[in-house]
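Fold and contact review
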Amino acid sequence: MTATTQSTITFPYKRSLGPVLGAFMNGLAERRILGIRTGDAVMCPPLEWDPRTGAELARDFVEVGPGGTVQSWCWVGTPSEQHPLDRPFAFALIRLDGADTALVHAVDACSFDAMSTGMRVAPRWRAERRGHITDIEAFVPGDDPVGVDDDGDASREPVTMMDYRASITYTTPIPDNVIRTERATRTGRLLGLRCPSCGRTYTGGKGYCPVDSIALTADHEVDLPQRGVLTNYTVITPVQYPGQTETEPFARVHVLLDDSDVILSFQDLLDLPPGEIRIGMRLEAVWADDAAGQPAVGGSTVQGLAGWRPTGEPDVDDRDLVNRIC
Ligand SMILES: [Zn+2]
């Protein structure tokens, strides 16, 4: 079985609700579902503009539901973390009583067989509502709303903004070369793979020589020197976006390993302020205390390597070093 690693990227967003969706969301906090009139029709969820003419609508709200009819649905048999319910459910287009358009929401029907087009549903309200579409936890089969007994929070401020997260989770296979490379770093070895055809050496457990299309295996492993020379660098002034942990300017350096053509790019530089960095400095590898605890990575990043620090040896004087970054 191939080893894999799972990654998740999450993007937090914030948006303003405006006068129409704002009214709709604040209505939900009061267990009222609002539609908006457009001509003879009522749209729920309400829109600010008439979708046929593009004209701005008068804010003529009308309460609809709470019961409605399922117009169409699909079954979600394996809910993800992002789904509204943690057990199988249906996403449905629900036309609420009094509305002419349909609302997308979850139906907690317990089983696929309990779902049908044309079935009647009613909302199950959350006890704690905050002016969000999830104030309706889900719709349930039947005509009777659930959760209508509590009083809610009368002192609640009206919501004007909405936070939400877009997220993607993906799985990446970990090749054998990467696994062996990572094992080597746990014992303080820096492993490379040397192409038998062109002689180039690659780090990070690369599976093929991209020049010769030759598969690289355990037979091509070489131990790399753990000293080198700084060829180029970048000083990064951190912008304080969500999730940023750096607060002070820091450097990433490119290191050409001794007696080789291997350059490790974007490495951490330790024990030296960014203002004192010089091209040509001699550097040595510093291993993390607990290399085994580091996350799995590939490419030019070396697992378990804390960074590089100056050796104190005289600088290398070579004007071409600056061009060697990969
Ligand atoms: Zn090659």
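Numbering of residues starts from 1 in each chain and follows the order in which that chain's sequence is written. In keeping with the predicted nature of the model, local features appear solely for residues at pLDDT of at least 70, side-chain atom pairs appear and are counted solely at 80 or more, and the whole-chain, interface and lining totals rest on all residues. Side-chain calculation: all heavy atoms of the structure are included, whereas hydrogens and water are not.

**As for the pattern of salt bridges**
This is how the line gets drawn: Here a salt bridge means any side-chain nitrogen of Lys or Arg lying within 4 Å of a carboxyl oxygen belonging to Asp or Glu. Segments assigned H or I by DSSP are reported as helices when at least four residues long, segments assigned E as strands when at least two residues long, and all are numbered from the N terminus. Buried, partly exposed and exposed residues are distinguished by accessible area as a fraction of the type maximum, computed with a 1.4 Å probe on protein chains only: under 20%, between the cut-offs, and over 50%, respectively.
Taken as a whole and assessed by the stated rule, the structure comprises 22 salt bridges. Put simply, Lys14 and Asp163 hold a salt bridge, and the shortest N to O gap is 2.9 Å. Highlighted residues: Lys14 in strand 1 (residues 3-16) and Asp163 in strand 10 (residues 161-174), separated in sequence by 149 residues. Judged by relative accessible area, which is 57%, Lys14 ranks as exposed. A salt bridge links Asp315 to Arg278; its shortest N-O distance comes to 2.8 Å. Taken as a pair, Asp315 in the segment after strand 20 (305-310) and Arg278 in the loop between strand 18 (263-268) and strand 19 (282-287) lie far apart in primary sequence, 37 residues in all. Residue classification places Asp315 among the partly exposed residues on the basis of a relative accessible area of 34%. The exposure class assigned to Arg278 is partly exposed, which follows from its relative accessible area of 41%. Residues joined in a network through salt bridges with shared partners are Asp86, Arg87, Asp108, Arg124, Arg126 and Glu137.

**Some details on the confidence of the model for the protein chain**
Low-pLDDT stretches of the model should not have their predicted coordinates read in fine detail. The criterion, for reference: pLDDT is a residue-level measure of predictor confidence that goes from 0 to 100. The contact rule is simple, with two residues in contact once any of their heavy atoms fall within 4.5 Å.
Averaged over the protein chain, the pLDDT score is 89; the fraction of residues at 70 or greater is 94%. Here strand 10 stands out as the least confident element of the protein chain, with mean pLDDT 87; strand 6 (residues 89-96) is the most confident, with 98. In the predicted structure, residues 291-300 sits below a pLDDT of 50 and forms 19 contacts with residues beyond four places in sequence or in another chain.

**So, the coordination of the zinc ion**
Stated precisely, the cut-off is as follows: For Na, K and Ca the donor cutoff is 3.2 Å, while for all other metals N, O and S atoms must lie within 2.8 Å; water is not among the atoms, so some sites may look incomplete. The rule is simple: four donors are tetrahedral if all their angles sit between 85 and 135 degrees, four are square planar and six octahedral if opposite donors span more than 155 degrees and the others lie between 65 and 115, and anything that fits none of that is irregular.
Bound to the zinc ion on the protein side are Cys195 (SG), Cys198 (SG), Cys209 (SG) and Asp212 (OD), at distances that span 1.9 to 2.3 Å. Around the zinc ion, the four donor atoms sit at angles spanning 102 to 114°, and that spread fits a shape best called tetrahedral. For the zinc ion, all donor residues lie on one chain, and their spacing in sequence is C-x2-C-x10-C-x2-D. Separated by 11 residues along the polypeptide, Cys198 in the loop between strand 11 (191-194) and strand 12 (201-203) and Cys209 in strand 13 (residues 208-209) bring together distant segments of the chain. Note on Cys198: relative accessible area 29%, which makes it partly exposed.

**Digging into a nonpolar patch on the surface**
Spelled out, the test is: Residues with no salt bridge and a relative accessible area higher than 30% make up the patches, which join like charges within 9 Å and nonpolar side chains (Val, Leu, Ile, Met, Phe, Trp, Tyr) within 5 Å. Note on areas: Shrake-Rupley with a 1.4 Å probe; residue coverage comes only from the protein chains shown.
On the surface, Ile9, Phe11, Tyr13, Tyr164, Ile168 and Tyr170 cluster together into a nonpolar patch covering about 570 Å² of accessible area. Looking at the nonpolar patch, the elements that each hand over two or more residues are strand 1 and strand 10. The topology assignment puts Phe11 in strand 1. Taking relative accessible area as the criterion, Phe11 reaches 44% and is therefore assigned partly exposed.

**Thoughts on the nonpolar core**
Defined as follows: Joining through side-chain atoms within 4.5 Å is the link that ties buried Ala, Val, Leu, Ile, Met, Phe, Trp, Tyr and Cys residues into a set, and such a set is a nonpolar core.
The biggest cluster of nonpolar side chains holds 26 residues, and the ones touching the most others in it are Ile33, Ile94, Leu96, Val107 and Phe139. Those elements that place two or more of their residues in this core are helix 1 (18-29), strand 4 (61-64), strand 6, strand 7 (103-107), strand 8 (120-125) and strand 9 (136-141). Here this core takes four residues from strand 6, the largest share from any one element. Discounting residues that sit within four places of it in the chain, Ile33 has contacts with Phe24, Leu28, Cys44, Val62, Glu63, Val64, Pro66, Leu96, Pro123, Trp125 and Ile136. Counting 19 residues, the second largest nonpolar core, distinct from the first, contains Val222, Val255, Val262 and Leu283.

**So, the environment of Ile325**
When you line up the elements, Ile325 lands in the segment after strand 20. A sequence separation of 61 residues divides Ile325 from Leu264, and the C-alpha atoms of the two residues are 8.0 Å apart.

**Observations regarding the sheet that holds strand 12**
Formally: Should DSSP find at least two bridges between two strands, the strands are taken to pair. Structural elements are reduced to axes, namely lines fitted to C-alpha atoms, with helices fitted over the stretch in contact, and the angle between N-to-C directions of any two is expressed from 0 to 180 degrees.
What the three strands build is an open sheet, ordered 12-11-15; its pairing is antiparallel. Edge positions in the sheet fall to strand 12 and strand 15 (221-223), since each of these pairs with one other strand and no more. Taking the axes of each pair of neighbouring strands and ignoring which way they run, one obtains an average angle of 40° across the sheet. For strand 11 and strand 12, the ladder comprises three bridges, and the chain directions are antiparallel. Each residue of the ladder has a partner; that of Arg194, found in strand 12, is Thr201.

**Brief notes about the side chain of Asp108**
Worth spelling out the cut-off: Polar contacts here mean pairs of N or O atoms no more than 3.5 Å apart (in protein, one a potential hydrogen donor and the other a potential acceptor; neighbouring residues in sequence count only if both atoms are side-chain atoms).
Of note, Asp108 is situated in the loop between strand 7 and strand 8. Taking the relative accessible area as the measure of exposure, Asp108 reaches 6% and is therefore buried. Within the structure, Asp108 has its side chain in polar contact with the side chain of Arg124 (distance 3.0 Å). When neighbours within four sequence positions are excluded, Asp108 is seen to be in contact with Leu85, Arg87, Arg124, Ala138, Phe139, Val140 and Pro141.

**A closer look at the sheet that holds strand 3 (residues 41-43)**
Overall, antiparallel pairing links the three strands, which are arranged 3-2-4 in an open sheet. Both edges of this open sheet fall to strand 3 and strand 4, since each of them pairs with a single strand only. Averaged over all neighbouring strand pairs, the angle between strand axes comes to 45°, with direction disregarded. The pairing of strand 2 (residues 33-38) with strand 3 spans three bridges and is classified as antiparallel. Each residue of the ladder has a partner; that of Arg37, found in strand 3, is Val42. Against the sheet, helix 1 makes contact with strand 2 and strand 4, and its axis sits at roughly 145° relative to strand 2, the strand it touches most.

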